[in-house]
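Fold and geometry: a report
What follows is the residue order along each chain.
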Amino acid sequence: MCIRSLLALLLLFITGELSLTAQSVDPDLIEKINFRNVGPTRGGRVTSVAGVAQQAGIFYMGATGGGVWKTDDYGNSWENVSDGYFSTPSIGAIRVAPSDPKVIYVGTGSDGLRSNVIAGKGIYRSDNSGKSWSLIGLEHTGHIGAVEVHPENPELVYVAAIGNGFAPNAERGIYRSKDGGSNWEQVLFLSDTIGFADLEIAPDDPNTLYAAAWRGERKPWTIISGGRKGGIYKSTDGGDSWEQVMKADIMPSGLIGKIDLAVSPDDPDRVYALVEAPQDEGGLYRSDDRGESWELVSTYSPLLDRPFYYCNVDANPMNADVVYVNSTQFWQSSNGGKSWNRRRTPHGDNHDMWIHPQDSMVWVQANDGGANVSIDGGRSWSTQNNQPTAELYQVEVDDRTPYWLYAGQQDNSTIAVPSLQPSNSPAGALGFWEAVGGCETGPAVPKPGDPNIVYSNCKGRFSVYDRRTGQSRQYYVGASNMYGHNPRDLTYRFQRVSPIHVSPHNPDVVYHTSQFVHRTTDDGLTWETISPDLTAFEPDKQVISGSPITRDVTGEEFYSTIYAIRESSVKAGVIWVGSNDGPVHVTQDNGKSWEDVTPEGLPGGGRVDCVEPSPHDAAKAYATILRYQLDDWKPYLYRTTDYGKSWELISTERAGFPNDEPVRVVREDPGREGTLYAGTEYGLWVSFDDGAHWQSFQQNVPVTPITDIKVFRDNLILSTMGRGFWIMDDLPTLRQLPDLDKSARVQILPVGEVPMVRSFPERGVPEYPVTGTTFYYYLNEKVDAPIALDILDDSGKVIRSFTNRSKSSKDKMPSEPDMATGFVQRGYSSALSDKAGLHAFEWDFRHAGSWSENGSSRRGSPSVAPGKYSLRLQVGNQQIEEPFELQIDPRLTTAGITVADLQAQEELALRVRNLMSRARQLDAAIGAGLKKPEKKAALTKISQEMNTADGRYQQPQLLDQISYLSSMLSYADQRPGQDAYNRYDELRKWFEDLLEEWADVSGESAARFKLDD
């Protein structure tokens, strides 16, 4: 049982809320119901990287929502090393101890304080190169800007703590630990609003430290970066005492902002400081006397665009005149910062780099597209398309088979990926990626019934993408460029992630929201505004974002806009909306009138991230409100059953919901009323009783924000802010667990209708399942009797059979030989567990394979045709049966292929299988006869016609020819061609001729090898 589940259950016991009628499910029961990651593997934002000087090819990257990853092959592949250890996926700083590469320190909480930044939860340490981790403190520092380790003592470590990104807190400053993190000292503290963004150790004297102070704070409506306090501090006694060596008053304006520092071992007296300050004051400063005096060497503006987000300078460790700056672009100076040249990186928006101290051509660099390695000084780079760390704002799906998932991917484009591999692609999964209009923010919403049309958003700009032309038609409401405006002056306030919603009752009705609800019925050619301003619109929050130094008005901080909209699928015209400044509204008359139904007692100003009309009851709805940007970390998840007249907070500790996980999204399962799925800032939760009780449903999903949830075609689909899309295929099973009869000794969970869709799985991400389906059965106690599982066709004939007992087991399950082939079909399977609990068993839609001397062979086993089947489970003497139906892939129907075609394919494939079985049995008999010297010559001649000679490009003989025909028949879902039937007849005659010849030579009867069809 996971820690989160134990804590939730313990909390219920303490509060006396766990009753016999509580609708919670034993976590052990759902242990085997997991998700699969379908990508994309197009990397997400990385703001911290590190390398290992002593070990070639090893680098680490820290994603802003994906945790810590490691490569040992120069970036050709990456593996996550923090899953299961870290309680937050947001990484601020990584440092490998210079004297012991096995020791790694990671500070959590990215230093790029953009609107979707995820808070940190302390610092972690590994003593075995990332194989395992321990939390070693500083849980309340919020965001960590830097970690530095003494060059000779891996136990002496320093941390620069930025602090809480959303409110004042005392846990800011410079921290030191002399015992590897067991104890910490706050050795430098300025105030509860000023933290430290960077820290450097002098290369020639580890007692000399430089620290960069920063006032950084984010509000929903602005970003605060800088002030009249801050600057650079220096210690010459290992942090015991500090003096300020750069003050704000060095600037004529008296304002100083974010600062990053760099020192090169090539000239330890020289210190570079990239300093945010007003125009002509900010830029690259340089000290040649260890910080005693400073010279402004460059005010080149691209070095400091969006400094709250970037602001990173590095010096070449082997040449102090070579300096690099990571910002929107990547810049290099070869003359100490006086002039600059732009260098290419695989992606813009650059954040961090590490340069090998003994080989300055080897780099690892971080940007909004991931991490990339160079071994030639930045002339070429490793790929970013091997990092499943995409930050996705939402998930939408189309109605194709297989269906595709759509989202806006932060720092990239919109993206669509398939839920299953639709075909073989020469480029692999990357060949299926699509950008579908709009941009990084999304959403991208396919039109129901016509997946060629995708409605997309880009920072408030509506477009219609048409797959047939590959073009996006632009239909902006108001058609006005919003960048740079004070939002109070805008006619329409569109937030960066402005929602698009298609009516569940009419696919031609599309909603789009600013502070108003807009509706189009002609794909955006014309728009109708159907609401008044449905936001709180507090005048003091309508400001130019970015103060007091750097203006940053991209729409990301536009406050008082509608952030969520959904129309009831039960009753047309019932539309719910929520704004990013608190209010919730509903109309019951298709927009003619609106009612403010904001939950009573809800603190103001939060972002209504999700409104969810119940798919079962028009009067019922749910709403989630995020308030962590206001330093309120409580989860706000409400339910109404009377169109918003009253609300109940259902995300309470008494109900088992964690009190410090802001909840982003909730969805009610259309297949089971009252089953709710809630996505939080750190994971996934489920309730089976409409929010009365909650339990963790994290399963194998890593810790990361769940940004959206969809329930579609009995799949549970997630988007995440750092780990891409995830799909759970076994939703029908999950729905049955709350009502499972635990008194029954044996149960099969019904599967109902199962679509037969071919899949083409590959290794790694995306994870596509193998072709087949999964059955679940339940045992209420461990059993000592043998277990058998049989699959029967609609006539009751066993077509596949399995047992948990091997042939050598004394209590193996008896079975009858197959009449066509004469061999026993029941195969051993370790998946048939006899332990108490819920168990999964996968079937690949296939019959048993042909006979082999070692038992039934899967290879070449024919697929079954669509139709009605049943599953029979036998535990000892107890036997139960459950019917199910395999349905034809709708793509086949569209292509003109019928069930009758597939039945014909199955019938011929079975005949070929049986022919192969008889041929192999004959070959075994021939092999046995070869031991008799008097018959060896004659039998060798027959054997040579059965088996292909060794060597390259030998002429295939009977067994290989049968295998060739079998392979042709299984290649695709189709009716066999006439040549297949003709070839079968030829091979059968060939076999029968050899059989007759063998009988003559051996003197044995051929009857046991005769084919029955």
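The model shown is predicted, which means the values in this text are computed figures rather than measured ones.

Attention now goes to the packing of aromatic side chains. Evaluated as defined, the whole model comprises 34 aromatic pairs. When the ring of Trp221 is compared with that of Tyr559, the centres are 5.2 Å apart and the planes differ by 55 degrees; the resulting orientation is tilted. Note that Trp221 is positioned in the loop between strand S16 (216-219) and strand S17 (222-225) and Tyr559 in the loop between strand S42 (547-548) and strand S43 (562-567), a separation of 338 residues in sequence. Each of the two residues, Trp221 as well as Tyr559, counts as buried. Every member of this aromatic cluster is reached through a ring pair, and the members are Phe775, Trp843, Phe845, Tyr869 and Phe884. Sitting above the plane of the Tyr309 ring, Arg114 keeps its charged end 4.9 Å from the centroid. A cation sits over an aromatic face here: Lys541 above Trp221, 4.9 Å from the ring centre.

You can read the domains of the protein chain as domain 1 (43-374) and domain 2 (892-1012). Relative to domain 2, the C-alpha centre of domain 1 lies at a distance of 69 Å.

Attention now goes to the sheet that holds strand S5 (residues 79-80). Sheet architecture is open: four strands sit in the order S2-S3-S4-S5, paired in antiparallel fashion. Of all strands in the sheet, those bounded by a partner on one side alone are strand S2 (46-51) and S5.

Glancing now at the environment of Leu199. Looking at where Leu199 falls in the secondary structure, it is placed in strand S14 (residues 195-202). When its relative accessible area of 0% is taken as the criterion, Leu199 is described as buried. Between the C-alpha atom of Leu199 and that of Val147, which follows or precedes it by 52 residues, the distance is 7.2 Å. Look past the residues within four positions of Leu199 in its chain and what remains in contact with it is Ala146, Glu148, Tyr158, Val159, Ala160, Ile174, Leu209, Tyr210, Ala211 and Trp242.

The tally for this structure, following the rule as stated, stands at three cavities of 30 Å³ or more. Every residue lining the largest cavity is counted, 40 residues in all, and those nearest its centre are Tyr393, Val497, Tyr563, Arg607 and Asp609. Put simply, the parts of the chain that give the lining of the largest cavity at least two residues each are S16, S43, strand S47 (607-613), strand S51 (663-668) and strand S55 (706-712). Here the lining of the largest cavity is built from residues that sort into 17 nonpolar, ten polar and 13 charged. Taken as a whole, the second largest cavity spans an internal volume of roughly 40 Å³. Lining the second largest cavity are Val38, Gly39, Pro40, Thr41, Val417, Pro418, Ala429, Trp433, Pro766 and Tyr768. Mapped by element, the contributors of at least two residues to the lining of the second largest cavity are strand S1 (36-39) and strand S33 (414-418). Its residues assigned to classes, the lining of the second largest cavity shows eight nonpolar, two polar and no charged.

Conventions we followed
Residues numbered from 1 in each chain as written. Predicted model: local features only at pLDDT ≥ 70, side-chain atom pairs only at ≥ 80, totals over all residues. Heavy atoms only, no water. Phe/Tyr/Trp six-rings, centres within 6.5 Å; stacked < 30°, edge-to-face > 60°. Helix = DSSP H or I, 4+ residues; strand = E, 2+ residues; numbered from the N terminus. Buried < 20%, exposed > 50% of the residue type's maximum accessible area, 1.4 Å probe, protein only. Lys NZ or Arg CZ within 6 Å of the ring centre and 35° of its normal. Domains from an automatic or database assignment. Pairing = 2+ DSSP bridges. Contact = heavy atoms within 4.5 Å. 1 Å grid on protein atoms, 1.4 Å probe; cavity = no way out; pocket = protein on both sides within 12 Å on 5 of 7 lines; lining within 4 Å. Points joined across faces, edges and corners; volume = space filled by probe spheres on them. Nonpolar A, V, L, I, M, F, W, Y, C, P; charged D, E, K, R; others polar.

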